[in-house]
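Listed below are the residues making up each chain.
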Amino acid sequence: MSSIKVKLKEKDVQQIKDICKSFGNNPGELINVLHKVQGVFGYLPAEVQEIVAQEIHVSVAKVYGVVTFYSFFTMIPKGKYPVSVCTGTACYVRGAEKVLEEFKKELGIKVGESTPDGKFSLTCLRCVGACGLAPVVMVGNKTYGRVSPDGVKDILKEFDA
Ligand code: FES
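Owing to the predicted nature of the structure, the values given are computational and were not obtained by experimental measurement.

About the thresholds
- Residues numbered from 1 in each chain as written.
- Predicted model: local features only at pLDDT ≥ 70, side-chain atom pairs only at ≥ 80, totals over all residues.
- Heavy atoms only, no water.
- Pairing = 2+ DSSP bridges.
- Helix = DSSP H or I, 4+ residues; strand = E, 2+ residues; numbered from the N terminus.
- Axes fitted to C-alpha atoms, helices over the stretch in contact; angles between N-to-C directions.
- Buried < 20%, exposed > 50% of the residue type's maximum accessible area, 1.4 Å probe, protein only.
- Core = buried A, V, L, I, M, F, W, Y, C linked by side-chain atoms within 4.5 Å.

**Q** Would you mind going over the sheet that holds strand S3 (residues 137-139) in detail, with residue names and values included?
**A** The sheet built from four strands is open, its strands ordered S2-S1-S3-S4 with mixed pairing. A strand with exactly one partner marks an edge of an open sheet, and here the two such strands are strand S2 (120-125) and strand S4 (142-144). Each strand of the sheet is rotated relative to its neighbour by a mean of 20°, with strand direction disregarded. As paired strands, strand S1 (residues 81-86) and S2 are joined by six bridges and run parallel to one another. The partner of Val 83 across the bridge, within S2, is Leu 122.

As structure tokens, then:
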């Protein structure tokens with residue numbers, strides 16, 4: 001997983017410290033703290049992880065280990081248009097894997113990454129509750145059904161402007 005350098009503002013640092021404090025700076029609350037922090041910042045860059053580690057007295061390696069282990073944590077900011085491919089059973093059976101491969105190819109990124117221009121990011125989702133339309137792809141809050149690998153280019157084109 002690649003990361004980017006960020007410069008945290010004073011108030012961001014304070015906010016992270018406050019979140020840690022709200023969990024009693026308790027090392028046992030690491031996952032909950034990270035959850036809350038990601039909810040605020042949208043992602044968990046190394047600089048943020050370092051502050052969490054320091055505040056709740058765990059090693060940076062431990063925080064990093066947790067962040068990279070759980071797929072719901074991300075070290076990369078979401079793109080302007082986050083692309084989510086449903087890989088739930090119904091979508092999987094109907095070829096979601098191939099659709100995902102096509103997005104990776106077209107965007108030149110892996111799952112969990114953003115394009116260098118910050119426009120698109122790519123994630124997988126569990127069933128989004130639209131199995132009748134499988135395979136399903138979401139871009140931002142727009143939902144696309146019965147997506148085929150051939151249709152991927154056209155979907156991305158909609159966001160070209
Ligand atoms: S499995 Fe994709 S919408 Fe249900």
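**Q** Explain the pairing of S1 to me, using residue names and the numbers behind them.
**A** Buried residues dominate S1, accounting for five of its six residues. Pairing between S1 and S3: three bridges, direction antiparallel. Bridged to Ser 84 within S3 is Met 138.

**Q** Go over the nonpolar core, please, and point to the residues and values.
**A** Core analysis: the largest hydrophobic core is formed by 23 residues, its most contacted members being Val 83, Val 85, Phe 103 and Val 137. Of all elements in the fold, only S1, helix H6 (96-107), S2, S3 and helix H7 (152-157) reach the threshold of two or more residues within this core. A per-element tally of this core places H6 first, with five residues. If you look at the next biggest cluster of nonpolar residues, it comprises 21 residues, including Ile 16, Leu 30, Val 48 and Phe 73.

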